[in-house]
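What the coordinates show
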Amino acid sequence: MARRRGFDRDEALESALREFWRHGYEATSVATLTAAMGINPPSLYAAFGDKHGLFEEAVQRYQRTYGAFTARALAEEPTGREAVERMLREAADEYSRPDHPHGCMIISAAVNCESAEVTELLRGFREATKAAIKQRIDGDVSAGRLPPGTDTAGLATFYAAIIQGMSTQARDGATREELLAIADRAMAAWPSAETVTAT
């Protein structure tokens, strides 16, 4: 008969998530993690494999919870422009909330990271978001809301860079209002229906 773990795995994972979010992958030690999770190293290894396995689970949890607003915004709005604007405005809200670390874990956890595996994991999530932005912008082109010559890849990269910058600004102490102002200025750069950007 399997022995029951003496801790709540979900609560422990949430604690680990916040440590990785706050300090990044590289700077978060196993000792820091076990202290935050309220467990000893053998329990961590038994439950999650190792630090990298724990981090992967923490990232997946982040994407399902705190970071889920991006996918919802890009999926639910009727136009690409509305989807991108909602994504940026909700980022301003989420990145500045006082009840969890500021910014985006997927962006900040990669800072000064020496693990190629972790770097590629996080890059994959960021590239997937950029591809989803491009898909919505492509939809606006197909629907005639943007001209056929619009550089949708370049526009998607621009808005991905904006959201990454908003995350950094939030970690540096930018307020919700300051982040919303960034979102508004970024949306002012959205091309008009008459503008054609060469590919």
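Residues numbered from 1 in each chain as written. Predicted model: local features only at pLDDT ≥ 70, side-chain atom pairs only at ≥ 80, totals over all residues. Heavy atoms only, no water.

**A word on the environment of S142**
Note the threshold: For the purposes of this entry, the term helix denotes a DSSP run of H or I that reaches at least four residues, the term strand denotes a run of E that reaches at least two, and both are numbered from the N terminus. Burial status follows relative accessibility: with a 1.4 Å probe on protein chains alone, a residue under 20% of its type maximum counts as buried, one over 50% as exposed, and anything between as partly exposed.
You can see S142 is positioned in helix α8 (residues 116-142). Residue S142 is classed as exposed on the basis of its relative accessible area, which comes to 69%. Through-space distance from the C-alpha of S142 to that of Q164 is 27 Å; in sequence the pair is 22 residues apart.

**Examining the packing of aromatic side chains**
Heads up, the condition is: Each Phe, Tyr or Trp ring, with Trp reduced to its six-membered ring, pairs with another whose centre is within 6.5 Å; inter-plane angles below 30 degrees give stacked pairs, above 60 give edge-to-face pairs, and intermediate values give tilted ones. We call a charge positioned above a ring when the Lys NZ or Arg CZ atom is no farther than 6 Å from the ring centre and deviates by at most 35 degrees from the ring normal.
In this structure the tally under the stated criterion is 9 aromatic pairs. Taking the centre distance of 6.0 Å and the plane angle of 75° together, the rings of F69 and Y95 count as edge-to-face. With F69 in helix α5 (residues 68-76) and Y95 in helix α6 (residues 80-95), this residue pair connects regions lying 26 residues apart in the sequence. We classify Y95 as buried; its relative accessible area is 2%. Note that K51 overlies the ring of Y25, its terminal NZ or CZ placed 4.4 Å from the centroid.

**Things to note about the packing of helix α1 (residues 9-23) against helix α4 (residues 51-64)**
As a reminder of what qualifies: As a rule, the C-alpha atoms of each element are fitted with a line to give its axis, helices using only the stretch in contact, and angles between N-to-C directions run from 0 to 180 degrees. Our angle categories are set so that under 35 degrees counts as roughly parallel, over 145 as roughly antiparallel, 65 to 115 as roughly perpendicular, and the remainder as oblique. By definition, residues are in contact when any of their heavy atoms lie within 4.5 Å.
Taken N-terminus to C-terminus, the directions of α1 and α4 make an angle of 90°; their axes are 9 Å apart at the nearest point. As summarised for this structure, α1 and α4 are arranged roughly perpendicular, according to the angle between their axes. Along the contact surface, α1 presents R9, D10, L13, E14, A16, L17, F20 and W21, while α4 presents K51, L54, F55, E57, A58, R61 and Y62.

**Brief notes about the packing of helix α9 (residues 152-171) against helix α10 (residues 176-188)**
Condition: In this scheme the handedness of a crossing depends on how the near helix is turned from the far one: anticlockwise by less than a right angle means left-handed, clockwise means right-handed. Three residue categories are used. Nonpolar comprises Ala, Val, Leu, Ile, Met, Phe, Trp, Tyr, Cys and Pro, charged comprises Asp, Glu, Lys and Arg, and polar comprises the others, including Gly.
Across the interface, α9 lies against α10 with an axial gap of 10 Å and an inter-helix angle of 165°. With respect to their mutual orientation, α9 and α10 come out roughly antiparallel. For α9 against α10, the interelement crossing comes out right-handed. Contact residues: α9 offers F158, Y159, I162, M166, Q169 and A170, while α10 offers L179, I182, A183, A186 and M187. Of the residues assigned to the contact of α9 with α10, the class counts are 10 nonpolar, 1 polar and no charged.

**Observations concerning the nonpolar core**
For the record, the criterion: Put simply, a nonpolar core is a bunch of buried Ala, Val, Leu, Ile, Met, Phe, Trp, Tyr and Cys residues held in one set by side-chain atoms that sit within 4.5 Å of each other.
Ranked by internal contacts, the top residues of the largest apolar core, which has 58 residues, are L88, Y95 and M105. Beyond its immediate sequence surroundings of up to four residues, M105 is in contact with L17, F20, W21, F55, A58, V59 and Y62.

**Considerations on the side chain of T79**
Among the secondary structure elements, T79 is positioned in the loop between α5 and α6. Each residue touching T79, except ones within four places of it in the same chain, is listed here: R136, D140 and R145.

**Remarks on α8**
As a reminder of what qualifies: By this rule, a helix spans an expected 1.5 Å times one less than how many residues it contains.
With 27 residues, α8 ought to run about 39 Å at 1.5 Å a step, and its terminal C-alpha atoms sit 38 Å apart, in line with that. Those residues of α8 that sit buried are V118, L122, F125, I133, R136, I137, D140 and V141. Considering only its buried residues, α8 is in contact with α4, α5, α6, α7 (105-108) and α9. Looking one or two residues past α8, G144 carries a phi angle of roughly 85°, positive in sign.

Nothing here speaks to function; it is geometry throughout.
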